[in-house]
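Letter by letter, the chains look like this.
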Amino acid sequence: VQLQASGGGPVQAGGSLRLSCVYSRRTFGRMVVAWFRQAPGNEREFVAAINLSGGSVDYVDSLKGRFTISRDTAKNTVYLQMNSLKPEDTAVYYCAADTTLIRSSWSNPMAYDYWGQGTQVTVSS
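The rules we used
- Residues numbered from 1 in each chain as written.
- Predicted model: local features only at pLDDT ≥ 70, side-chain atom pairs only at ≥ 80, totals over all residues.
- Heavy atoms only, no water.
- Helix = DSSP H or I, 4+ residues; strand = E, 2+ residues; numbered from the N terminus.
- Rg over C-alpha atoms; globule rule 2.2 N^0.38 Å.
- Buried < 20%, exposed > 50% of the residue type's maximum accessible area, 1.4 Å probe, protein only.
- Contact = heavy atoms within 4.5 Å.
- Areas by Shrake-Rupley, 256 points an atom, 1.4 Å probe, with all protein chains shown as cover.
- Lys, Arg positive; Asp, Glu negative; His and termini not counted.
- Charge placed at Lys NZ, Arg CZ, Asp CG, Glu CD.
- Disulfide = S-S within 2.5 Å.

K.L.:
What's the story with the overall build of the protein in this structure? I'm lost.
P.N.:
Of the regular secondary structure elements, the protein holds zero helices and eleven strands. Starting at the N terminus and ending at the C terminus, the protein contains elements arranged as β-β-β-β-β-β-β-β-β-β-β. For the protein, whose C-alpha radius of gyration is 13 Å, the value lies close to the compact-globule estimate of 14 Å for 125 residues. Its C-alpha atoms give the protein principal-axis dimensions of roughly 45 × 25 × 25 Å. Burial status across the protein gives 44% buried among its 125 residues. Partitioning the intrachain contacts of the protein with sequence separation of at least 6 by distance along the chain shows that 57% fall at a separation of at least 24. Carbon and sulfur atoms provide 47% of the accessible area of the protein, an area that totals close to 6,200 Å². Each charge class in the protein can be summarised by its mean position, and for the 12 positive and 9 negative side chains these summaries are 8 Å apart.

K.L.:
When you look at the state of the cysteines in this model, what are you seeing that I'm missing?
P.N.:
One way to say it: the disulfide is the covalent bond shared by the sulfur atoms of two cysteines. Following the criterion strictly, the structure yields one disulfide and no others. Paired through a disulfide, Cys21 and Cys95 show a sulfur-sulfur distance of 2.2 Å. Classification of the bridge connecting Cys21 and Cys95 rests on its S-S torsion, roughly 75°, and on that basis the disulfide is right-handed. Of this pair, Cys21 sits in strand 3 (residues 17–23) while Cys95 sits in strand 9 (residues 91–98), placing them 74 residues apart in sequence. Neither residue differs from the other here; Cys21 and Cys95 are each classed as buried.

K.L.:
What is the right way to look at unusual backbone geometry in this model?
P.N.:
At Asn76, a position not held by glycine, the phi torsion is positive, near 50°. By the secondary structure assignment, Asn76 is in the loop between strand 7 (67–72) and strand 8 (77–82). The class for Asn76 is partly exposed, based on a relative accessible area of 23%. If you check the backbone angles, Ser84 has positive phi at about 50° while not being a glycine. A residue is classified by how much of its surface remains accessible, and Ser84, at 41% relative accessible area, is partly exposed.

Interpretation note: all reported values are geometric properties and have no functional meaning in isolation.
Written as structure tokens, this is what we have:
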């Protein structure tokens, strides 16, 4: 599975961005696609994940209500809609995928075998 993340860029606080993650193929059966982010000096942080088959989602509690993950299986794309952005949202955002995850592993970056290249999001105050 190959992943291509895009949609990052500079934005002012309070603004919105929509990130896209295009995956090269969908394996037969369950596949989970997640977004993580990493700010300089910080560990990679789970943002959200979606099961491509059933559409179930999960979010880190701190971002619920501002960020929304969705999928368009016809376009092989997962989106991350980010609203009311804050300077602390500044990070490189990565999408990741795996086909063997149980829900309790969705937030663990070590559990994902496939990663995109990352897209920079910079929120200015």
